[in-house]
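# Notes for the structure review
Residue-level listing of the chains:
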Amino acid sequence: MHGMTAQKQQELSAQEQALAWVTRLRSPEAGLEDRTEFALWLAASTANSHAMDDALSLWDDLEAVKHLPFGYTANTQIAAANQSRWWLSAGVAAAAVLAAVLELPLNQPSPTEPAQSYATELGQRDDVLLQDSSRISLNSDSQLSVSYTETTRDLTLERGEAYFEVAKDSSRPFTVSTNIVDVMAVGTAFNIDRREQTTEITVTEGVVRVTKRRGGSAAESAILKAAQKITVNDQGLGAIESVAGAEDTAWRRGELVANGVPLHELAAELERYSATRIRFGDAEVAGLSVSGVFPLDETDTALQAIARSLELTIVPAGDNSVLLLNADH
């Protein structure tokens, strides 16, 4: 990558230079020469340092991307998003170069606070307030670990489902990982539902970046905005879908919303909140379409409502399970 000329730097304000550096360092083509020049520029004045802080704050609002200099657009931002935690990696590299140039020792790594773990039991939901004022709602039978440092906010959804309301902090990326995906937030709210083979991400506010972790290339990422969702599996990212309502987060209200859902899928959802296992008399019953709003904490009530609407009979089947049959059986 060609460097920024001294004349060009003089012509630009510190803020414009900082925004240019954001674009430059996030490019896959950024190399040692770029990072060396950035380290020297950053160390040249406190005005440069403050301008970079402002630029990072501006990055919190993706609507500002279109105002970045040198033709930086949302498309180039998405392409450059291949490098996760770009600010951390670029900053560490630049600090290393600067230390070598000035023959000064590097600072010690940022201290890591003790990792925290949160979990819910079957049928339990819980709300968690983190030390940075981010809020998390944990769904039934879910587990989450949280590890914060001075420069990162890393969370892992070990199992289950959680809703995240992220407090803005431009100096510390907020990243939630599952076994197959990383989700980086930009001051936003979103839901992650981790299943055995898939992870589904639904955004309710702001913007997130979703990056496939395992079995795919680093370029496999997508930007999701409010009212959009995506499903990720071992094969890669699915198509981005529009979300018409709040169906995916209705569990926070203790409700399960079905809109033409096959009965076997609805039953699998109900089983996430109760020890009762739901079986079917035949494939035809399992495939019946169901619509409605059902209480998550009252499985028996939900099953009675389903049986009435579909004209089914509920038969206790032993070992804490029930069988749904056509009423004429």
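All of these numbers come straight from a predicted model, not from anything done at the bench.

Interhelical geometry of helix H7 (residues 263–270) versus helix H9 (residues 299–310) gives an angle of 170 degrees and a closest axis separation of 11 Å. Classified by the angle their axes make, H7 and H9 are roughly antiparallel. Where H7 abuts H9, its residues Leu 263, Leu 266 and Leu 270 lie against Thr 299, Ala 302, Leu 303, Ile 306 and Leu 310. For the contact of H7 with H9, the residue count by class is seven nonpolar, one polar and no charged.

This next bit is on the layout of surface pockets. Leftover empty space is mapped by rolling, across the atoms, a probe with the size of a water molecule. Of the pockets and cavities examined, the second largest pocket occupies roughly 600 Å³. As for the second largest pocket, its lining consists of 28 residues, of which Arg 195, Glu 200, Asp 248, Val 257 and Glu 269 are closest to the centre. The set of elements that each furnish at least two residues to the lining of the second largest pocket consists of strand E8 (189–194), strand E9 (198–205), strand E12 (228–233), strand E15 (255–262) and H7. If one sorts the elements of the lining of the second largest pocket by residue count, E15 sits on top with eight residues.

Here we come to the side chain of Ser 142. Mapped onto the elements, Ser 142 comes out in the loop between strand E3 (135–138) and strand E4 (143–148). Judged by its relative accessible area of 0%, Ser 142 falls in the buried class. Within the local environment of Ser 142, its side chain forms a polar contact with the backbone oxygen of Asn 139, the two atoms lying 3.0 Å apart. Of note is the side chain of Ser 142, whose polar atom sits 3.1 Å from the backbone oxygen of Ser 140. In contact with Ser 142, other than residues within four places in its own chain, are Tyr 118, Ala 119, Thr 120, Arg 159, Gly 160 and Glu 161.

The rules behind the values
Residues numbered from 1 in each chain as written. Predicted model: local features only at pLDDT ≥ 70, side-chain atom pairs only at ≥ 80, totals over all residues. Heavy atoms only, no water. Axes fitted to C-alpha atoms, helices over the stretch in contact; angles between N-to-C directions. Helix = DSSP H or I, 4+ residues; strand = E, 2+ residues; numbered from the N terminus. Parallel < 35°, antiparallel > 145°, perpendicular 65-115°, else oblique. Contact = heavy atoms within 4.5 Å. Nonpolar A, V, L, I, M, F, W, Y, C, P; charged D, E, K, R; others polar. 1 Å grid on protein atoms, 1.4 Å probe; cavity = no way out; pocket = protein on both sides within 12 Å on 5 of 7 lines; lining within 4 Å. Points joined across faces, edges and corners; volume = space filled by probe spheres on them. Buried < 20%, exposed > 50% of the residue type's maximum accessible area, 1.4 Å probe, protein only. Polar contact = N/O pair within 3.5 Å; in protein donor to acceptor, adjacent residues only side chain to side chain.

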